[in-house]
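Architecture and fold: a report
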Amino acid sequence: MAAAAALSATAATCLSSFGPGIFTGPGRVLGHSGLILEWAPASFGLFWSYDPALGLLAALTLAALAWGREEDGSSRPDTFSVFLLAATFFLMLVRFRLAPFFIITAGPFAARRLWPLVKERPWMPVAVLAAGLLAPAGVAARGEVPWGTGFDPGRLPEDAVRFIETKRPQGPVWNNLGFGGYLIWRLYPQVKVFIDGRTAYLYPPKFFQSAWAAEHQETVFARLQGRYGFQWAVADARPGLEFAKPLAASADWAMVYIDDTAAVYVNLKGPNRDLARS
């Protein structure tokens with residue numbers, strides 16, 4: 001039954017626009033792993049600095065394997081679960097982006113195997129209640145997680161997009177990688193982005209490396225400008241980060257909008273020069 005479900009899910013996934021290539025994407029990112037954290041191999045240092053809870057889950061999973069019990073009292077885990085754990089843990093080590101596969105496999109496994117050992121403990125009801133209360137409080141206490149619904153305007157260029165929708169700059173756009181997907185969702189088909197987050201599937205490593213270098217090197221940006229003819233740009237403007245330095249330094253470009261998330265520039269030698277004057 002599990003095999004039939006797996007085959008059906010695999011076939012359904014192949015119906016996407018990527019086709020079967022969606023499964024080979026992680027193998028095509030050797031040139032991306034040094035620049036994008038999610039495509040880097042996992043390590044203990046990465047666990048500790050990026051998501052310590054993932055390291056805790058791995059430790060609990062090992063404990064469940066070594067000392068856990070099934071509901072019937074058996075100490076031996078079923079072979080299929082062990083295979084899934086090993087496979088998803090390997091995928092996570094190869095590419096950190098694939099960690100969710102391990103999480104959704106290891107979480108239920110560890111809970112099922114450890115529950116028989118602790119369910120009769122008198123402190124368990126209090127621990128369950130505390131976990132339920134502390135988990136959302138811990139999330140809320142992290143400064144980068146805002147309250148509210150919808151997209152986070154501190155990470156995505158919502159206000160900048162409203163400006164773009166009003167002013168309608170013309171010509172090819174340059175944008176940084178992190179904004180590409182959101183710009184597609186909000187502005188396509190009127191606006192065709194330069195790059196977006198589908199790095200492993202659409203953009204060869206050389207192109208991606210040039211796009212990344214153009215964030216900081218004037219010569220690289222000038223080469224791309226000559227090839228693609230950018231007339232306006234949407235750049236990351238979060239405080240403390242350095243993006244689009246060639247745009248900020250160039251006398252041929254003018255900033256026409258900025259907030260705490262994004263900045264919009266126009267090329268003064270192109271069709272949007274009147275926007276800069278206004």
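Going along each chain's sequence as written, the residues are numbered from 1 onward. Only residues with pLDDT of at least 70 are given local features in this predicted model, and only at 80 or more are side-chain atom pairs given and counted; all residues enter the totals for whole chains, interfaces and linings. Working from all heavy atoms in the structure, the side-chain values ignore hydrogens and water.

Concerning the overall build of the protein chain
Stated formally: The numbering of helices and of strands both runs from the N terminus, where a helix is a DSSP run of H or I of at least 4 residues and a strand a run of E of at least 2. Radius of gyration here uses only the C-alpha atoms, and the compact-globule reference equals 2.2 Å multiplied by the residue count raised to the power 0.38. With a 1.4 Å probe rolled over the protein chains alone, any residue whose accessible area is under 20% of its type maximum counts as buried; one over 50% counts as exposed, and the rest are partly exposed.
When helices and strands are tallied, the protein chain shows 13 helices and 4 strands. Its C-alpha atoms give the protein chain a radius of gyration of 24 Å, clearly above 19 Å, the size a compact globule of 278 residues would have. Projecting the C-alpha coordinates of the protein chain onto the three principal axes gives extents of approximately 75 × 40 × 30 Å. Here the protein chain, with 278 residues, has 35% of them falling under the buried criterion.

Examining the confidence of the model for the protein chain
Under the convention used in this document: The predictor rates its confidence in each residue with pLDDT, a number between 0 and 100.
Within the protein chain, residue pLDDT values average 86, and 95% of them lie at 70 or more. By mean pLDDT, the top-scoring element of the protein chain is strand 1 (residues 173-175) (96), and the lowest-scoring one is helix 2 (residues 44-50) (72).

Topic: the sheet that holds strand 2 (residues 232-236)
Think of a sheet as strands paired side by side through backbone hydrogen bonds, with each pair either parallel or antiparallel. What counts here: DSSP-based pairing: two strands are paired if at least 2 bridges between them are found. Fitting a line to C-alpha atoms yields each axis, with helices limited to the stretch in contact; the angle taken between N-to-C directions then spans 0 to 180 degrees.
The sheet built from 4 strands is open, its strands ordered 1-2-4-3 with mixed pairing. The open sheet has two edge strands, strand 1 and strand 3 (253-258), and neither has a second partner. Sheet twist, expressed as the average angle between the axes of neighbouring strands with direction ignored, equals 20°. Of the strand pairs in this sheet, strand 2 and strand 4 (residues 262-267) are connected by 5 bridges, and their pairing is antiparallel. Within strand 4, the residue paired with V234 across the bridge is V264.

Remarks on the pattern of salt bridges
Defined as follows: Here a salt bridge means any side-chain nitrogen of Lys or Arg lying within 4 Å of a carboxyl oxygen belonging to Asp or Glu.
This model, assessed by the stated rule, comprises 11 salt bridges. Between R186 and E165 there is a salt bridge, with the nearest N and O atoms lying 3.4 Å from each other. Placement of R186 in helix 8 (residues 180-187) and of E165 in helix 7 (residues 158-167) is noted, with a sequence separation of 21 residues between them. Overall, the relative accessible area of 23% leaves R186 in the partly exposed class. The shortest N-O distance in the salt bridge between D196 and R198 comes to 2.8 Å. What makes D196 buried here is its relative accessible area of 3%. Salt bridges sharing common partners tie together E70, D78, R112 and R113.

Brief notes about the environment of L275
For clarity, the cut-off: Two residues qualify as a contact provided that any one of their heavy atoms is within 4.5 Å of a heavy atom in the partner residue.
Here L275 lies in helix 13 (residues 273-277). You can call L275 buried: its relative accessible area is 18%. Separated by 21 residues in the primary sequence, L275 and A254 have C-alpha atoms spaced 9.6 Å apart. With near-sequence residues (within four places) excluded, L275 lies in contact with K167, V256 and V266.

A few points about the nonpolar core
Using the following cut-off: In this text, buried Ala, Val, Leu, Ile, Met, Phe, Trp, Tyr and Cys residues form a nonpolar core when linked through side-chain atoms within 4.5 Å.
W174, F194, I195 and L247 are the most contacted members of the largest nonpolar core, which totals 25 residues. For this core, the secondary structure elements donating two or more residues are helix 10 (205-213), helix 11 (218-228), strand 2 and strand 4. With 4 residues, helix 10 is the single largest residue contributor to this core. What I195 contacts, discounting residues up to four positions off in sequence, is N175, N176, L177, G180, Y203, F207, F208 and A211. Counting residues in hydrophobic clusters, the runner-up holds 19 residues, among them L156, W232, V264 and V266.

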